[in-house]
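Overview (structure and organization)
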Amino acid sequence: ALPLVSRAGDAAAEERSVLLANRAACHLKDGACSLCVADCTSALELVPFGIKPLLRRAAAYEALERYPLAYVDYKTALQVDCSVQAAHDGVNRMTKALLEKDGVNWRQNLPPIPTVPVSAQTRWSVPSAGAPGANAPPATAPQGKPGGNAAVGIERARTLKEEGNELVKKGNHKKAVEKYSESLKLNKECATYTNRALCYLTLKQYQEAAQDCTEALKLDPKNVKALYRRAQALKELKDYKSSIADIKTLLKTEPKNTAALKLLQELNRA
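A quick note: this is a predicted structure, and the numbers were derived from the prediction, not measured.

Overview of the nonpolar core
Counting residues in each nonpolar core, the largest one holds 34 residues, and the members touching the most others are L55, Y71 and Y74. When residues of this core are traced back to their parent elements, those giving at least two are α2 (13-30), α3 (33-46), α4 (51-63), α5 (67-80) and α6 (85-102). A total of 8 residues in this core trace back to one element, the largest contributor, which is α4. Counting 20 residues, the second-largest nonpolar core is a separate cluster that includes Y193, C213, I247 and L250.

Spelled out as structure tokens, the structure:
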């Protein structure tokens, strides 16, 4: 539909934005978070400060563990409509994650939060006349995702992943694997695969670790954690050539990644 609507030019900007936001929701549900981010960004370029693309992009950034960017999108969504519970919940989760990651000065590392003009706030107070209900802010839909059972399942998957993360911190990797596995049954998410891969590495289940990283890379081909952890697993499986290939791919994205550079030196000596 997008190429057809695009022929109408600027006159169809809002319809194109809706289509992109809807496709982003599908990408998000499939765990293709990078594609979701790209579609939401394009939707927001066409129609700035749309609630749905802001929430969906925030959810995708969160899944990719790009917490500062997720925080900014959740906060921006709250400027547009302060009644969106999904945005409040997202801000709370990101605040907790950033505090754990960067300490009390976490706000200093945030990108700038845009100021939403009053006109944008008014715009989303009623459904669009051109597309009834299409862009109305979903006040109760978790993180702008599809409603009903799908939304409940995705939220449950996130809870299970967080429970797995807590178990990893306690060193209980076997139990964490169970939590991640339950989460993946509900929502195939890149970060959940890489987290379970880390557990498998610790448990010396290298074949399973490599497989999880492969699944993660299907969702996000440049994911640094997936590339690094698969390289670690392949090294233990004595597939040095494939392991080196993964590290070299990783270094194209992060050429100064010290852990990857160290692993490459070990592989070259193997």
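Comments concerning the layout of surface pockets
Of the pockets and cavities examined, the largest pocket occupies roughly 640 Å³. When residues of the lining of the largest pocket are traced back to their parent elements, those giving at least two are α6, α8 (148-169), α10 (190-202) and α12 (224-236). The biggest single contributor to the lining of the largest pocket is α8, with 7 residues. Of the residues in the lining of the largest pocket, the class split is 6 nonpolar, 2 polar and 13 charged. Structurally, the lining of the largest pocket is a two-domain feature, drawing no fewer than three residues from each of domain 1 (9-120) and domain 2 (150-268). Each pocket or cavity is described by its volume, and for the second largest pocket that value is around 370 Å³. Sorting the residues of the lining of the second largest pocket by element identifies α3, α10 and α12 as the ones contributing at least two each. Per element, the largest residue contribution to the lining of the second largest pocket is 3 residues, and it comes from α10. Taken together, the residues that form the lining of the second largest pocket break down as 6 nonpolar, 4 polar and 7 charged. Of the domains in this structure, domain 1 (9-120) and domain 2 (150-268) are the two that each give at least three residues to the lining of the second largest pocket.

Details of the pattern of salt bridges
Any two side chains of opposite charge can pair if their charged atoms end up close together. Overall, the coordinates contain 15 salt bridges when judged by the stated rule. Between R23 and D39 there is a salt bridge; the shortest N-O distance is 2.7 Å. Here R23, found in helix α2, pairs with D39, found in helix α3; they are 16 residues apart in sequence, far enough to count as distant. For R23, a relative accessible area of 39% gives the class partly exposed. For R93, the salt bridge goes to E62, with nearest N and O atoms at 2.7 Å. With R93 in helix α6 and E62 in helix α4, this pair connects stretches of sequence that are 31 residues apart.

Here we look at helix α11 (residues 206-219)
Over its 14 residues, α11 extends 20 Å from the first C-alpha to the last, a length consistent with the 20 Å expected when each residue adds 1.5 Å. When we look at burial in α11, the residues that qualify are Y206, A209, A210, D212, C213, A216, L217 and L219. At its buried positions, α11 is contacted by α2, α3, α10 and α12.

Some points on the packing of aromatic side chains
Using the criterion set out here, one finds 1 aromatic pair in the structure. Pairing Y71 with W106 gives two aromatic rings, centres 5.2 Å apart and planes at 80°, and the pair type is edge-to-face. Note that Y71 is positioned in helix α5 and W106 in the loop between α6 and α7 (118-123), a separation of 35 residues in sequence. Taken as a pair, Y71 and W106 share a single burial class, namely buried.

Cut-offs and rules
Residues numbered from 1 in each chain as written. Predicted model: local features only at pLDDT ≥ 70, side-chain atom pairs only at ≥ 80, totals over all residues. Heavy atoms only, no water. Core = buried A, V, L, I, M, F, W, Y, C linked by side-chain atoms within 4.5 Å. Buried < 20%, exposed > 50% of the residue type's maximum accessible area, 1.4 Å probe, protein only. Helix = DSSP H or I, 4+ residues; strand = E, 2+ residues; numbered from the N terminus. 1 Å grid on protein atoms, 1.4 Å probe; cavity = no way out; pocket = protein on both sides within 12 Å on 5 of 7 lines; lining within 4 Å. Points joined across faces, edges and corners; volume = space filled by probe spheres on them. Nonpolar A, V, L, I, M, F, W, Y, C, P; charged D, E, K, R; others polar. Domains from an automatic or database assignment. Salt bridge = Lys/Arg side-chain N within 4 Å of Asp/Glu carboxyl O. Expected span 1.5 Å × (residues − 1). Contact = heavy atoms within 4.5 Å. Phe/Tyr/Trp six-rings, centres within 6.5 Å; stacked < 30°, edge-to-face > 60°.

As far as function goes, none of this settles anything; it's purely spatial.
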